[in-house]
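Letter by letter, the chains look like this.
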Amino acid sequence: MKTHAQVVVIGGGAVGCSALYHLTELGVTDVVLIERDELTAGSTWHAAGNCPNFSTSWNLIKLQRHSTKLYADLARRTGYDINYHVTGSIRIAHKADRVDEFRHVVSQARAQGIDFQMMTPAEIKAMHPYLETGDVLAGLWDPYDGDIDPAQLTQAMAKGARDKGAEVHRNTRVTAIERTASGEWQITTDKGTITAEKVINAAGYRGGEVAAMVGVYLPIITLSHQYMVTEDIPELVARGTERLPLVRDPDVSYYLRQERHSLLLGPYEWQATAHWLDGIPDQFANQLFDNDLDRLGNYIEAAIGQVPILGTVGIKTVINGPIPYAPDGNPLMGPAPGLPGFYHACAFTFGIVQAGGAGKSIAEWAVNGHPEWDMWPLDARRYLPHANKKFTLAKAIETYQHEYGIGYPQEERPAGRPAKTSPAYQRLKDKGAVFGARGGWERAVYFPKPGDKGGTDTSFRRPHWHEAVKRECEAVEKRVAVLDLPGFTKFEISGAGAAAWIDRMIAGTVPKVGRTALNYFLAPSGGIVTEMTITALEKDRYWLISAAAGELHDEHWLREHLPADSEQVRFDNQSARYGTLIVVGPRSRDVLAKLTEADLSNAAFPWLSVRNIEIGYTKLIAFRVNYVGELGWELHVPVEHVQSIYDLVWEAGEEFGIADFGLYAMDSLRLEKCYRSWKADLTTEYTPAMASLDRFVKLEKPSGFIGQEALKREAVAGPRERFVPLIVDAADADAPAVSIVYQGSTVVGLVTSGGFGYRLNQSIALAYVRTDLAVAGVELEVEILGERRRAVVGVEPLYDPANARLRD
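Throughout what follows, the structure given in this document is the object of discussion. No experiment lies behind these values; they were computed from the predicted model shown.

**What to know about the pattern of salt bridges**
- This structure, assessed with the given rule, holds 64 salt bridges.
- Across the salt bridge formed by Asp 647 and Arg 427, the nearest N and O atoms sit 2.6 Å from each other. Taken together, the positions of Asp 647 in helix α16 (residues 642-653) and Arg 427 in helix α11 (residues 425-430) put the pair 220 residues apart, joining distant regions of the chain.
- Look at Asp 647 and you get partly exposed, because its relative accessible area is 26%.

**Things to note about the state of the cysteines**
- If you walk through the whole model with that rule in mind, you get 0 disulfides.
- In this structure Cys 346 is not part of a disulfide, and its nearest cysteine sulfur, from Cys 17, lies 15 Å away.

**What about the environment of Asp 808?**
- Within the fold, Asp 808 resides in the segment after α19 (804-807).
- With relative accessibility at 46%, the residue Asp 808 sits in the partly exposed group.
- Spatially, the C-alpha atoms of Asp 808 and Gly 497 are 36 Å apart, while their sequence positions differ by 311 residues.
- When neighbours within four sequence positions are excluded, Asp 808 is seen to be in contact with Arg 589, Asn 602, Arg 624 and Leu 631.

**Details of helix α9 (residues 351-368)**
- Along α9, the sharpest kink reaches roughly 35°, centred on Gly 357.
- Judged by how many residues are buried, α9 sits mostly within the fold: 16 of 18 residues are covered.
- Looking one or two residues beyond α9, the residue adopting positive phi is Gly 369, at roughly 95°.

**Quick word on unusual backbone geometry**
- A cis amide bond, omega -5°, links Arg 417 with the succeeding residue Pro 418.
- Of the consecutive residues Glu 796 and Pro 797, the connecting peptide bond is found in the cis state with omega at -5°.
- Its location among the elements puts Pro 797 in the loop between β38 (787-793) and α19.
- Unusually for a residue other than glycine, Arg 260 sits at a positive phi of about 55°.
- Positive phi values are uncommon outside glycine, yet Asp 540 reaches one of about 65°.
- Note on placement: Asp 540 falls in the loop between β25 (528-538) and β26 (541-546).
- In this structure Asp 540 comes out as partly exposed when scored by relative accessible area, which is 24%.

**A few points about the sheet that holds β25**
- In space, the 5 strands of this open sheet follow the order β24-β25-β26-β23-β27, with antiparallel pairing throughout. In this open sheet, the two edge strands, each paired with only one partner strand, are β24 (516-522) and β27 (570-573). The mean angle between the axes of side-by-side strands here comes to 30°, regardless of whether they run parallel or antiparallel.
- Both β25 and β26 contribute to a ladder of 5 bridges, which runs antiparallel. Residue pairing for β26: Thr 533 is matched across the bridge by Ile 545.

**Here we look at the packing of aromatic side chains**
- Tallying each qualifying case throughout the model produces 28 aromatic pairs.
- Ring geometry for Tyr 71 versus Tyr 84: centroids 6.2 Å apart, planes at 75°, classification edge-to-face. Placement of Tyr 71 in helix α2 (residues 58-78) and of Tyr 84 in strand β3 (residues 84-85) is noted, with a sequence separation of 13 residues between them. Each member of the pair, Tyr 71 as well as Tyr 84, carries the same accessibility label: buried.
- Above the ring of Phe 605, the side-chain terminus of Arg 611 is found at 5.4 Å from the ring centroid.
- Between the NZ or CZ atom of Arg 624 and the centre of the ring of Trp 633, over which it lies, the distance is 5.3 Å.

**Side note on the environment of Asp 163**
- Here Asp 163 lies in helix α5 (residues 150-163).
- Owing to a relative accessible area of 52%, Asp 163 belongs among the exposed residues under this scheme.
- As a C-alpha pair, Asp 163 and Ile 233 span 70 residues in sequence and 42 Å in three-dimensional space.

Criteria and thresholds
- All residue numbers refer to position in the chain's written sequence, counted from 1.
- The model is predicted, so local features are restricted to residues of pLDDT at least 70 and side-chain atom pairs to those at 80 or more, both for listing and for counting; the totals for chains, interfaces and linings are taken over all residues.
- The side-chain figures draw on all heavy atoms in the structure; neither hydrogens nor water molecules are used.
- The salt bridge definition used is simple: a Lys or Arg side-chain nitrogen within 4 Å of an Asp or Glu carboxyl oxygen.
- We count a stretch as a helix when DSSP gives it H or I for four or more residues in a row; a strand needs E for two or more, and each element gets its number in order from the N terminus.
- For the exposure calls, accessible area comes from a 1.4 Å probe over protein chains only, and a residue counts as buried if that area is under 20% of its type's maximum, exposed if over 50%, partly exposed in between.
- By convention in this document, the label disulfide applies to cysteine sulfur atom pairs within 2.5 Å.
- In this description, contact between two residues means that some pair of their heavy atoms is separated by no more than 4.5 Å.
- Here the bend at a residue means the angle between the axes of two seven-residue stretches, the one that ends at it and the one that starts at it.
- Pairing between strands is defined by DSSP: at least two bridges between the two strands are required.
- Every angle, taken between N-to-C directions, lies between 0 and 180 degrees, and every axis is a line fitted to C-alpha atoms, over only the stretch in contact when it is a helix.
- Each pair of aromatic rings taken from Phe, Tyr and Trp, with Trp reduced to its six-membered ring, is defined by centres within 6.5 Å and is described as stacked if the planes are under 30 degrees apart, edge-to-face if over 60, and tilted in the remaining cases.
- Working rule: Lys NZ or Arg CZ, within 6 Å of ring centre, within 35 degrees of ring normal, means a charge sits over the ring.

So, to be careful, I would describe these as geometric facts and stop short of saying anything about function.
As structure tokens, then:
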């Protein structure tokens, strides 16, 4: 083994070998892969090898389609034969909501050039003559789905990388990883020591063990997944080499495909089974768990009912192997905060189909600093410290049980909750609040009145809580309302160099003392890394506030850019110290005036200003801003006083008809104001110019800022697309995120947020459209659940365009 490499990849499964392959494709050939056993010895060797393009996530479709395109040409590229059967697949729907999901995904796939098709039962029967369709409403056809030999796939990518200079070391165990004084990584193995500039942890279900060597906990649980292969079926023998399309029955929860002249059945059963909770055995290479077919009985019966030839023969083989699960079932990828040059690419539940795209993305992350696609749904930094072993186990089991669950726009699943609660949580719960978890924090999503159905049942159509949200929006617009919003990420930046450092980090302007301003932090590419509200509390002391879910992500971004002189710029995470109450509406000033001696008049406390005020028994920081577009304040309250301040606000507001409101109402209200949402409307794939945020950018700022040169180049060429609000002639369904925008038969844009605006009584979509179409009054169409609906480009903000209500 060499003693130094530019990049070391730990783990020789499909993902690790893909990372190695894609590094060499980027021209980085001084790379080494270390595998403790043989290649594919973890979850790869026993995988069923299915390769769907289907996902309800826009960027996961991109990632998986990159894989299937790569695999189709990989044998030619590498000179290594691969058994890859592109049979196409049929997903069948027994429920109306499933049909809605299929229509939504078909629209997404077609916009990416993937020719998904909706199918009638007759078309399904013609494609798969052994599938009974009497209880089937519709199907979805993916022409590029199929199955691949996982071992051959892995070996082909390893060969391709070796041919370009990479080294692969099998049966080489990593025993320690340490950071050197020079900032490199020293990897100790039982075959010697190698120093690397960068390390990629692609160790699969052992990814947590590798992470622990550098002091990091990764939320990974190992579950077992079984599939069975039948004896030869005479009907399939008679078909010769003509293969049936793969079948998925998500409403029952299984996949079924042809394996030579047999059928291979793999259910995701409700009795999800976790293993190795006390640690992974030292030796488990190329091994399986004992068969446990009793868990699968109901699913086998259901599959036989759908495809009767399955029940005409016996079972030849049962595979019951380990698969890693993160809490949400998505992998853990990206940089490790506080460990420069260390990256994760592990915990892949669908590692075979995702390996190609994941290898591309993690290689780009390591070489370029960021991947082509925004990978937030897979970013390991999405998990905060509450995602411990107990949480991970609960959520992993729930995710496995819902592996084929319908991808609703809103769904509040109960496992692993409550993890983090505000001091006012019980008070709201006693009022009947329905909660959702955001960044681990319990937040009220809506408040049903007595007699309402309640609960979080949801749909692609306007759900039952539509009327409750309407009532809450009316209270915000006409009276006064309060929202307990725990978990805001709050960083305090202080010191003599604080202002200058912040100025170099943002595209906009540092506010003056007592003022607050929205600002954007950019990647060198010009893409939006994060959005923060920056507030100058006093000279040389600033607060940076961002989304709860982005705490680790944003802290990592800021800390890795801090100057070496810690006395000039000090960083403190205040997130756990303060809670937040939002008090908004035309009577909000009247309510707060009963509680404080502070002057709340426009002259003394104007819009976008901040003041320290006293309420009850504490001082708090009041911001004259909000996310709903009405007169109002954000009250940042020491956490021990949150409940008492909430009670005081409620008592003072009763004479004005105060009401609680939740996240669903807040989302509706922000759509009407065209306020963007981080990682929905704002990602690294969009620049401020694309996001129509030009007013927040000082392009010629003398101090410079990250991404400035990229924005200057874009200013010359012009952005290819622009963010606009669309007024949609919707029926009973609003445009869910990643709905497609058309002009005639041409795809011209993508919806990033959608919903109903109750103040305007209109359906709204926020979208990126081709720049020449980003003009008020232009008529377009949005495809909503398979139906084109007229949409007109509006002028933002749609509600209160002069911001008079905010400034009142």
